[in-house]
Amino acid sequence: MKENAIASEIIRSSLTFCSEEMGIALRNSAYSPNIKDRMDHSCAILDTGGRLLAQAEHIPVHLGSLPWGLKRTLERLERDGMELFNGDMVMVNNPYLSGTHLNDVTIISPIFHKGRIVAYAANKAHHSDVGGKVPGSIPADATDLFQEGIIIDPVKLMRRGRIDSDVVGMLSSNSRDPYQRRGDVRAQVAANLLGGRRISSLLQEYGLRAFVAASQSALDYSEKMTRLALRSFPDGNGSADDSMEMSGIGDIPMHVLVSKEGDTVSIDYDGTARQVRAPVNAVYGVTLSAVYYVLKCITDPDIMMNDGCFRPVSVRAPEGTLLNPEFPYPVSAGNTETSMRNADLLLRAFYQLVPERIPASCGGSMNNVMMGGAVPGGTWSFYETNAVGMGASGGRDGTDGIHCNMTNTLNTPAELVELYYPLSIVRYQFREGSGGGGKWRGGAGIERSYLIRADDTTFTIMAERERIAPQGLDGGGEGGRTEVYLERNGERSRVPSKCTLSLASGDIITLRTAGGGGYGEYSHREEELLAKDRRDRLILVRPS
Amino acid sequence: MAVSLVGIDIGGTFTDIVAYDEQLHDFSLIKLPSSVRPEEGVMDGISRMREAGKAPSVLFHSTTVATNALLTKTGWPKVALVTTEGFRDVLEIGRQKRSELYNLRVERPLPIVPRHLRFVVRERTSSSGTVEVPVARHDLEAVADSLAEEGVEAVCISFLNSFSNKANEHAALEVIGGRLDVPVMCSSDVDPLPKEFERTSTAAVNALLYPIVSAYLRRLRTMVSEACGPVPVYIMQSDGGGTTVNGAIDRPISIIESGPASGVISSLHVSRLLGKRNLLTFDMGGTTAKAGMIRNGLVEYSHEFEAAGKTHSGRSVRGSGYPVRFPFIDLAETSSGGGSIAWVDAGGALRVGPVSAGSHPGPVCYDRGGTEPTITDANVVAARLNQESLLSGTMPISMHLAAASVKEKIAAPLSLDAEEASLGIIAIANNQMAKIMRIVSIERGYDPRRFDLIAFGGAGPLHAAEVAEPLGVGSIIIPPAPGLFSAFGLITADLKREYRASVMKMATELDGPAASGFYEELERKAVEDSVAEGWKAKTLSFVRTASAQYSNQGWELSVPVRMQPARSGSSRELDLGRLVTDFNRKHRQVYGYSSPSDPVNIVSLNLTAVIPMPRLAMASGRKGSATVRSSARTDERRVLYPEGERLSSIYDRRLLESGNSIRGPAVVEQYDSTILIPKAWRAKVDSFGNLLMVRKP
């Protein structure tokens, strides 16, 4: 028994290492810049009950959504009687099953030991185009899921070790860049194969019994650590309200009540608006991601992520609402935008319980930019997200131009954009006058201008915080709001932060992302920092 | 006075000095505590060698001056950046990624150039190399005046797309360089490749280090020549090649990872000596363990790293440091060293590191005030280390204190006894170290079972066998002086200089002569540089590689470039077909698949100019028989292994002779290290004094 404590520790850390190694393999062999350079993917190991054993997430929006989606998918397979054999892999992207949006294609494979399934390896990666009405597959005006791209219910991508090229073809032929889709799917397959090999060798070394014992003790361990962390802050309730912005629909209210008692926490979204005919609905998995993200930030980020972490947390989002919609409501931006707002909302509710751990709001959007069209010889599709200003916290200014909360992808270098797409970046710097004023100022947003070099380019922007500014805390000022401009024939006009436009060669789109909120009264800002503000010009101070 | 090659490796705690007498084929080794001023450490080392009757004929030096400046962020010169209008903040924005996902207050590393010293000018070059907006002289003059007013100490010029055409950057250099009396450098000269942030960062780090490194090396050169006359001084670069003082001053980014490179270069020497072309290197010291690889007799390089960045589970954390593109010996690192502290966390799990007891107070058994059990303490309790003294008996230790602390801090909370707890600490540390070995082998597509492991650093030989086993490695080399092995690498290094040409073309868009044109240009530059250093051009040899990727992939692989006889004329040209085949093969090896029908993009063509140093002849050790002399077997004691306690023979390494054979379980003790030979292993001393361990079949 005693020796098992050590074996358990080794198996446990090997599980985490295995999911990390899968993530590296996926990144290294992927084709699209979105995965390769921006690392918009996550990998996981599950037990036979579909419980998460280990996860390497590179962006937090996959934190709770990946395990939720995998569990549901496995339940679905069982219900449908789809039997899995050694060497099989299942592909799925239906967000109501797999947990985020259609762009995120999930691949699951069973791991066999002596003829039995003993675990699963899985990964999820954002494909930059999965069809639908606009390049990038996040149409601002979608009214149902079908407009957001091809919907794939669980299908065998690989049978007994052989990739089904018909299945790959079905995905790639529905995409505007089929070549990248094929490469990315191959990379996802390679990652799962690697995960399977690693788990198999652990099983060989320690045996099934020790593996199962260690997996279950890992769940208990993470549960215990989470409970300990929750005990470290006072009991009580906190609530917050905010809204998503959607022109044509108006503001879409969100409400949360968080209650913390002893070593448990419950989150209730009752009071949040009904689902809408717009792409900002967030499937329940995405809602969970925001909850787990915020809890991880305010408790102990080093706790090994697995199913045990979820046990002390209960989340209620009534069905048919913005945060738990029903098929086939559109969801593409729920993943990117609503999840960001949900994080802001939760942080503000927790501010009432643990004020010293909470910063002012960040720029609150992933600022998705999608472009594409036809050029001689084929189609092209470009997707990227853009950073915002981080909220200030007591004791320090917010960081300028950085990805916050639910995302953490790398940007696309301007020089590569120009090499690979009919686009040029003509401006890319911090947005002056956007960091919310305060004793500590919010981070500045980003200003990025795209010069279009091909006619008939379809451009889609999906951003938030255009109307409702990022909030300051403790007397700090608001951050600058999102602005989008179109410059055509020398004339500059404002365009909405969620829209699709048809652009011509020579047009310039300028995106100015939101700044973070300030913290504390501006009148208390130290002289040395004021001098720096005068030089850097990044602070936003509204006349009081 | 005998003439010697002298290598001086300055580390954080110790300065290691190795001198090799070319006539006698004889080595002298000295370990000194490091001085506050590194040049004093060097001079100290030289005078100690002179006292021993050794005059340096050549001085090799590895230095932490550059990396320390980046880590401590103190004494930074005022650096300015001149960049394209609209792109003022590229250097600070980086890649937008935060280095810690769940830290709501995460900060970026301090920018090398603050916003108010980032100047912009109107100019534009396209990605295909057309100058769309030439840079205006009067704009540059205005910027130069502001730079002078600010009193900047170094300037870096980095324009968008300068990888495709250097004209605007060079025009700016001419005007600004002509008006300022401080170092001014262009990004396209320091690092001529695409991706604006990485190129700008590399150039900015170079500008930052220039004043620091040049001041140090000029001071050092003067001191050395005053003491020893005109002795050539070479500095170890991150790629494991030596460079001259001038070379290091021109490109200080090349010596950032000067220290860690040396151990791998020593291993390369052993690789050549023994004819073992595939080695995993395992270096375990007091605070960290490092893993590296030699494959087909060559060191594996990486072309980009984050200087002064953080690592997590052996991998570097993106966004935590300063990206620098210069080939460096890619080592995976984990915080398992002899001094790493074991602890039980709130959830009741046994953990090892990352906190280290360092050399002060050090492990509990040193009895210098340490109270937290370390890996060294666990090894003492498990009787793997001598339980009475270390350093050949010169340093008494307390087994009693070590056991009490393991018992109190680890064993009691986990309901184990002290022996079980010690084995647990060792097992967890070994697992962490096996991970970094996997990162450098399996994760890069190489099967570790096809490699021998070479173990060094004070603690490496003690853990090598148990780190090797889960990897399936069946053969281990322990060099004669494992604790001073890195310093030894200095005097075996070749001299090198790196050159890169940005290409950014599909292989199908190039032909042999066009591609060869890039090399002619690079080779001309290499010859020019070596003539300027006073070397004969004919001693130069060239290593050519290409960085390539499938079209649109963001990650490059490095593949060898081969030349073939040109179809016309007498010259040789680049074999593009071979390059594409090699790329596909390497992609399959590293990533598990290849796509031969997909176009291959050649990102850059790279040239390494090498001046080989004479190979050191190694003296053979005293020849003995398979049976160890009884005097060498000094003791026996009960040593703990995972399978139980075993009576193990203890040997004194100084008394071993070549040909001696030892069967496990056994422990070999020496001044700077201890070697553990578990039951499943046997060891043999070779004619160079290496201990070769083999796992019994």
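Reading the values: the criteria
- Residues numbered from 1 in each chain as written.
- Chains lettered and ligands numbered in written order.
- Predicted model: local features only at pLDDT ≥ 70, side-chain atom pairs only at ≥ 80, totals over all residues.
- Heavy atoms only, no water.
- Helix = DSSP H or I, 4+ residues; strand = E, 2+ residues; numbered from the N terminus.
- Rg over C-alpha atoms; globule rule 2.2 N^0.38 Å.
- Buried < 20%, exposed > 50% of the residue type's maximum accessible area, 1.4 Å probe, protein only.
- Contact = heavy atoms within 4.5 Å.
- Areas by Shrake-Rupley, 256 points an atom, 1.4 Å probe, with all protein chains shown as cover.
- Lys, Arg positive; Asp, Glu negative; His and termini not counted.
- Charge placed at Lys NZ, Arg CZ, Asp CG, Glu CD.
- Buried area = accessible area lost by both parts, 1.4 Å probe.
- Salt bridge = Lys/Arg side-chain N within 4 Å of Asp/Glu carboxyl O.
- Polar contact = N/O pair within 3.5 Å; in protein donor to acceptor, adjacent residues only side chain to side chain.
- Nonpolar A, V, L, I, M, F, W, Y, C, P; charged D, E, K, R; others polar.
- Expected span 1.5 Å × (residues − 1).
- Arc of directions from axis to C-beta.
- Pairing = 2+ DSSP bridges.
- Axes fitted to C-alpha atoms, helices over the stretch in contact; angles between N-to-C directions.
- 1 Å grid on protein atoms, 1.4 Å probe; cavity = no way out; pocket = protein on both sides within 12 Å on 5 of 7 lines; lining within 4 Å.
- Points joined across faces, edges and corners; volume = space filled by probe spheres on them.
- Parallel < 35°, antiparallel > 145°, perpendicular 65-115°, else oblique.
- Left-handed = near helix turned anticlockwise from the far one by under 90°.
- Phe/Tyr/Trp six-rings, centres within 6.5 Å; stacked < 30°, edge-to-face > 60°.

Undergrad: Tell me about the overall build of chain B, residues and numbers included.
TA: Each helix and strand counted, chain B has 16 helices and 41 strands in total. Expected size for 697 residues packed as a compact globule is a radius of gyration near 26 Å; at 27 Å, chain B falls within 12% of this value. Residue burial in chain B is summarised as follows: out of 697 residues, 61% are buried. Within chain B, contacts between residues at least 6 apart in sequence are counted, and of these 67% link residues at least 24 apart.

Undergrad: Go over the overall build of chain A, please, and point to the residues and values.
TA: Looking only at helices and strands, chain A has eleven helices and 22 strands in total. At 23 Å, chain A has a C-alpha radius of gyration in line with the 24 Å of a compact globule built from 544 residues. Across the 544 residues in chain A, those meeting the buried criterion constitute 69%. Intrachain contacts of chain A at a sequence separation of at least 6 include 73% that bridge at least 24 residues. For chain A, the exposed surface amounts to about 17200 Å²; the carbon and sulfur share of it is 48%. Positive and negative side-chain charges of chain A, numbering 58 and 66 respectively, have mean locations separated by a distance of 3 Å.

Undergrad: Can you tell me about the interface of chain A and chain B, naming the residues and giving the values?
TA: In many analyses, interface size is given as the accessible surface area lost on bringing the parts together. Listed as interface residues are 82 residues of chain A and, on the opposing side, 73 residues of chain B. Interface of chain A and chain B: buried area, both sides summed, is about 7000 Å²; carbon and sulfur atoms make up 53% of it. Looking only at chain A, the three residues that lose the most surface to chain B are Phe17(A), Glu415(A) and Tyr428(A), adding up to 11% of its buried area. One can count five salt bridges joining chain A with chain B. A salt bridge links Glu415(A) to Arg199(B), with the nearest nitrogen and oxygen atoms 2.5 Å apart. The interface formed by chain A and chain B includes 33 residue pairs in polar contact (both at pLDDT 80 or more). Of all the secondary structure elements, the ones that give two or more residues to the side of chain A that touches chain B are α1 (2-29), α2 (33-36), α6 (178-231), α7 (284-298), α10 (414-420), β14 (423-430) and α11 (527-536) of chain A. Each residue belonging to the side of chain A that touches chain B can be placed in one class, and the counts come to 37 nonpolar, 21 polar and 24 charged.

Undergrad: Break down helix α4 (residues 137-150) of chain B for me, with residues and values.
TA: Residues and elements named next belong to chain B. For α4, built from 14 residues, the straight-helix expectation of 20 Å at 1.5 Å per residue is met to within 8% by its first-to-last C-alpha distance of 20 Å. Among the residues making up α4, those that are buried are Leu140, Val143, Ala144 and Leu147. Each buried residue of α4 sits inside an arc of 105 degrees when the element is viewed along its axis, so together they form one side. With respect to the buried face of α4, the exposed residues turned more than 90 degrees away are His138 and Glu149. On its buried face, α4 is in contact with β5 (79-84), β6 (118-121), β9 (154-158) and α5 (167-179).

Undergrad: An account of the sheet that holds strand β11 (residues 313-316) of chain A is requested, with residue identities and associated values reported.
TA: Residue and element names in this part refer to chain A. Within the open sheet, the four strands sit side by side as β8-β9-β10-β11. Their pairing is mixed. The sheet terminates laterally at β8 (236-244) and β11, the two strands that pair on one side only. Within this sheet the neighbouring strands show an average axis-to-axis angle of 15 degrees, counted without direction. Looking at chain direction, β8 and strand β9 (residues 252-261) are connected through nine bridges and run antiparallel.

Undergrad: How would you explain empty space enclosed by the protein if you had to name every residue and give the values?
TA: Residues and elements named next belong to chain B. According to the stated counting rule, one finds ten cavities of 30 Å³ or more in the structure shown. Gly94, Pro109, Phe197, Gly319 and Gly321 are, among the 28 residues lining the largest cavity, the residues nearest its centre. Of all the elements in the fold, those that place two or more residues in the lining of the largest cavity are α3 (90-93), α7 (196-228) and β20 (322-324). When the residues that make up the lining of the largest cavity are grouped by side-chain class, the tally is twelve nonpolar, six polar and ten charged. Of the pockets and cavities examined, the second largest cavity occupies roughly 140 Å³.

Undergrad: Before we move on, could you go through the side chain of Ser243(A) and cite the residues and values that matter?
TA: Mapped onto the elements of the fold, Ser243(A) is located in strand β8. Look past the residues within four positions of Ser243(A) in its chain and what remains in contact with it is Asp251(A), Ile252(A), Pro253(A), Met254(A), Arg341(A) and Ile468(A).

Undergrad: Please provide a residue-by-residue account of the pattern of salt bridges, values included.
TA: Here the idea is simple: oppositely charged side chains can pair when their charged atoms come close. In total, this model carries 82 salt bridges over all chains according to the counting rule given. Between Asp220(A) and Arg311(A) there is a salt bridge whose closest N-O contact spans 3.1 Å. Separated by 91 residues along the polypeptide, Asp220(A) in helix α6 and Arg311(A) in the loop between α8 (307-310) and β11 bring together distant segments of the chain. Given the relative accessible area of 44%, Asp220(A) is considered partly exposed. Put simply, Arg325(B) and Asp191(B) hold a salt bridge, and the shortest N to O gap is 2.7 Å. Here the residue Arg325(B) occupies a position in the loop between β20 and β21 (328-329), and Asp191(B) occupies one in the loop between α6 (187-190) and α7, the gap between them amounting to 134 residues. Accessibility assignment for this pair places Arg325(B) and Asp191(B) in one class, buried. Because the salt bridges share partners, they merge into one network encompassing Asp242(A), Arg341(A), Asp344(A), Arg348(A), Glu464(A), Arg465(A) and Lys498(A).

Undergrad: Describe in detail the pairing of strand β2 (residues 52-57) of chain A, supporting the description with residues and values.
TA: All names here are of chain A. Where burial is concerned, most of β2 is hidden: six out of the six residues are buried. Of the pairings in the sheet, the one linking strand β1 (residues 41-46) to β2 comprises five bridges and is antiparallel in character. Note on β2: the bridge partner recorded for Ala44 is Gln55. If you look at the hairpin formed by β1 and β2, you'll find five residues sitting between the two strands, and Gly50 has a positive phi there, around 75 degrees.

Undergrad: Kindly report on the sheet that holds strand β5 (residues 116-126) of chain A, identifying the contributing residues and their values.
TA: Residue and element names in this part refer to chain A. Taken together, the seven strands give an open sheet; going across it, the order is β2-β1-β5-β4-β3-β6-β7, and neighbouring strands pair in antiparallel fashion. Of all strands in the sheet, those bounded by a partner on one side alone are β2 and β7 (162-163). As paired elements, β1 and β5 share six bridges and run antiparallel to each other. The residue bridging Leu46 from the neighbouring strand is Tyr120, located in β5. Its contacts with the sheet put helix α5 (residues 165-172) on β3 (89-92), β6 (155-159) and β7, and the angle it makes with β6 is roughly 135 degrees.

Undergrad: Now, about the packing of α7(A) against helix α9 (residues 332-351) of chain A: what can you tell me, with residues and values included?
TA: Residues and elements named next belong to chain A. Look at α7 against α9: their axes get within 9 Å of each other, and the N-to-C directions meet at 40 degrees. The angle between α7 and α9 places the two elements in the oblique class. Relative to α9, α7 is oriented so that their crossing is right-handed. Across the interface between the two elements, Val286, Thr287, Ala290, Val291, Tyr293, Val294, Leu295 and Ile298 from α7 touch Gly334, Asn335, Ser339, Asn342, Ala343, Leu346, Leu347 and Phe350 from α9. Classifying every residue of the contact of α7 with α9 by side-chain character gives eleven nonpolar, five polar and no charged.

Undergrad: Mind laying out the packing of aromatic side chains, listing which residues take part and the relevant values?
TA: All chains considered together, the criterion is met by 15 aromatic pairs over all chains. Between Trp68(A) and Tyr284(A), the aromatic rings sit 5.9 Å apart at their centres with planes inclined by 65 degrees, giving edge-to-face as the arrangement. Of the two residues, Trp68(A) is situated in helix α3 (residues 65-80) and Tyr284(A) in helix α7; the sequence distance between them amounts to 216 residues. The class of Tyr284(A) is buried, set by a relative accessible area of 18%. Ring geometry for Phe305(B) versus Phe328(B): centroids 4.4 Å apart, planes at 35 degrees, classification tilted. One end of the pair, Phe305(B), is in strand β17 (residues 305-307); the other, Phe328(B), is in strand β21, with 23 residues separating them in the sequence.

Undergrad: Talk me through the environment of Ala566(B); I want residue IDs and the actual numbers.
TA: All names here are of chain B. Mapping Ala566 onto the fold places it in the loop between β32 (563-565) and β33 (572-574). C-alpha separation for the pair Ala566 and Gly512, spaced 54 residues apart in sequence, amounts to 7.8 Å. What Ala566 contacts, discounting residues up to four positions off in sequence, is Ser571, Arg572 and Glu573.

Undergrad: Any details on the pairing of strand β40 (residues 681-685) of chain B? Residues and values, ideally.
TA: Side chains on a regular strand alternate between the two faces of the sheet. Residue and element names in this part refer to chain B. With burial as the criterion, only one face of β40 is covered, namely that bearing Trp681, Ala683 and Val685; the residues Arg682 and Lys684 on the opposite face remain uncovered. Here strand β37 (residues 661-663) pairs with β40 via three bridges, running antiparallel. Across the sheet, the residue bridging to Ser661 is Lys684, located in β40. The sheet contact formed by β40 and strand β41 (residues 691-695) spans five bridges and is antiparallel. Within the sheet, the bridge partner assigned to Trp681 lies in β41 and is Arg695.

Undergrad: Describe unusual backbone geometry, listing the residues and the values that go with them.
TA: Geometrically, the link from Phe327(A) to Pro328(A) is a cis peptide bond, its omega value of 0 degrees lying close to zero. By the secondary structure assignment, Pro328(A) is in the loop between β11 and α9. In this structure, the amide linkage connecting Gly353(B) to the following residue, Pro354(B), adopts the cis form with an omega of 0 degrees. Locating Pro354(B) in the fold gives a position in strand β24 (residues 350-356).

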